[in-house]
Amino acid sequence: MRLILLGAPGAGKGTQATFICQKYGIPQISTGDMLRAAVKAGTPLGVQAKSVMESGGLVSDELIINLVKERISQADCANGFLFDGFPRTIPQADALKAAGVKLDYVLEIDVPFEAIINRMSGRRSHPASGRTYHVTFNPPKVEGLDDITGEPLIQRDDDKEETVKKRLEVYSAQTRPLVAYYSSWAKEDAASAPKYRAISGMGSVEEITARVFEALGH
Ligand code: AP5
Ligand code: ZN
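Being a predicted model, the structure only gives us computed values, none of them experimental.

### Concerning the layout of surface pockets
Right, so step 1: In this model, the second largest pocket occupies a volume close to 320 Å³.
Right, so step 2: Going through the elements one at a time, helix 1 (13-24), strand 6 (131-134) and helix 9 (205-215) are the ones with two or more residues in the lining of the second largest pocket.
Right, so step 3: Among the elements that make up the lining of the second largest pocket, the one with the highest residue count is helix 1 (five residues).
Right, so step 4: Classifying every residue of the lining of the second largest pocket by side-chain character gives four nonpolar, seven polar and three charged.

Structure representation (C-alpha cells):
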C-alpha cells in the first residue's frame, strides 16, 4: 500500500497515520516529523528549516524532494509507505510524478478551519515516535506522558495561535490546490492515477478511523 494523507494542519493526519501504518505494516513518512528531528539534532537541514517552521511557512521544495527521495529508497519502504504532510505544493507533487512513484490512494481528511485552532492548542506530541495526543479529545493514559514509552510529551513550537493561522493561510494558498490536482488526475486517467478519496475529519478519532478504512476498501 502506497498512499498520501492530505489535509490541513491539525486535520488528524498524524493521528490516523498511526492506525493505517499499523494495519498495512508500512512506515509513516512525515516530512514534518523528519524536519523536527533535524532541528533537534542541529543538522544543516535542521538549521535551515528551524526559522521557516517557527514562522509557519514552508521549507523549500528542493530540500523536501531530496529528503523524501532519500527516505523512500530505504529498505523498509519496499512494500509501501504513507506520506503525511508531503506533497504540500504542486512542484512537490510534480516531482513525485516525475520520479515515477506509483501510488494507490490519495486520502483527504477534511476539517473546517474553525475546529482546527482548538485541536492545535491542546495537542501534545511524543517527538521520538510521532505519536500525538490531545489534552481533552485524545488524552494519554497518564497526563503528560507517552502511552508506550512513558517519556514526556511536548507542545510543538508552531502550535501558537498566530502561527497556526499562518499555517492555515499557507495551506489554502499552496497545498489545497493538490485536491484539484489529484481528483482531476483520477478522473482523467484512472489507470495511472492514484484513487482519490475524501472523508470528513469531524467526529471522534475512532469514527474517523472507521471512515478511513471504509475509504481504503479495508
Ligand atoms: P507538519 O508536521 O506536517 O504539520 P501539519 O501539516 O501542519 O500538520 P499537523 O502535524 O499540525 O497536523 P495533523 O494533521 O498531523 O494533525 P494531528 O493528528 O497531529 O509540518 C510542520 C511544518 O514543517 C510545516 O509548517 C512546514 O514548515 C514544514 N514542512 C513539513 N512538510 C513539508 C513539506 N512537504 N514541504 C514544505 N515544508 C514542510 O492532530 C492535531 C490535534 O488534534 C492533536 O492534538 C490530535 O490529538 C487532535 N485530534 C486528532 N483527531 C481528532 C479528532 N477526531 N477529534 C478531536 N481532536 C483530534
Ligand atoms: Zn502531523
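Now that the structure is up, let's keep going.
### What about the packing of helix 7 (residues 161-175) against helix 8 (residues 177-188)?
Right, so step 1: Contact geometry of helix 7 with helix 8 gives a least axis separation of 5 Å together with a crossing angle of 35°. In contact with Tyr171, Ser172, Ala173, Gln174 and Thr175 of helix 7, helix 8 contributes Pro177, Leu178 and Val179.
Right, so step 2: Partitioning the contact of helix 7 with helix 8 into residue classes produces five nonpolar, three polar and no charged.

### Things to note about the UniProt feature "domain: Adenylate kinase active site lid" (unreviewed entry) in the protein chain
Right, so step 1: Here, the residues flagged by UniProt with the feature "domain: Adenylate kinase active site lid" (unreviewed entry) are residues 123-158.
Right, so step 2: A helix fraction of 0% and a strand fraction of 22% characterise residues 123-158, whose end C-alpha atoms lie 11 Å from each other.

### Things to note about the site of ligand 1
Right, so step 1: Taken together, 36 residues lie near ligand 1, and Thr15, Gly57, Arg123, Tyr133 and Arg167 sit nearest.
Right, so step 2: In this structure, an oxygen atom belonging to ligand 1 sits 2.6 Å away from a side-chain N or O atom of Thr15.
Right, so step 3: The side chain of Thr31 places a nitrogen or oxygen atom 2.7 Å from a nitrogen atom of ligand 1.
Right, so step 4: In the complex, 97% of the free accessible area of ligand 1, which totals 1000 Å², lies under the protein chains.
Right, so step 5: In terms of residue count, the dominant contributor to the shell around ligand 1 is helix 2 (residues 31-41) (four residues).
Right, so step 6: Classifying every residue of the shell around ligand 1 gives 14 nonpolar, 14 polar and eight charged.

Quick notes on the rules
- Residues numbered from 1 in each chain as written.
- Chains lettered and ligands numbered in written order.
- Predicted model: local features only at pLDDT ≥ 70, side-chain atom pairs only at ≥ 80, totals over all residues.
- Heavy atoms only, no water.
- 1 Å grid on protein atoms, 1.4 Å probe; cavity = no way out; pocket = protein on both sides within 12 Å on 5 of 7 lines; lining within 4 Å.
- Points joined across faces, edges and corners; volume = space filled by probe spheres on them.
- Helix = DSSP H or I, 4+ residues; strand = E, 2+ residues; numbered from the N terminus.
- Nonpolar A, V, L, I, M, F, W, Y, C, P; charged D, E, K, R; others polar.
- Axes fitted to C-alpha atoms, helices over the stretch in contact; angles between N-to-C directions.
- Contact = heavy atoms within 4.5 Å.
- UniProt positions renumbered as here; feature names shortened; annotations may be inferred.
- Near = heavy atom within 4 Å.
- Polar contact = N/O pair within 3.5 Å; in protein donor to acceptor, adjacent residues only side chain to side chain.
- Areas by Shrake-Rupley, 256 points an atom, 1.4 Å probe, with all protein chains shown as cover.

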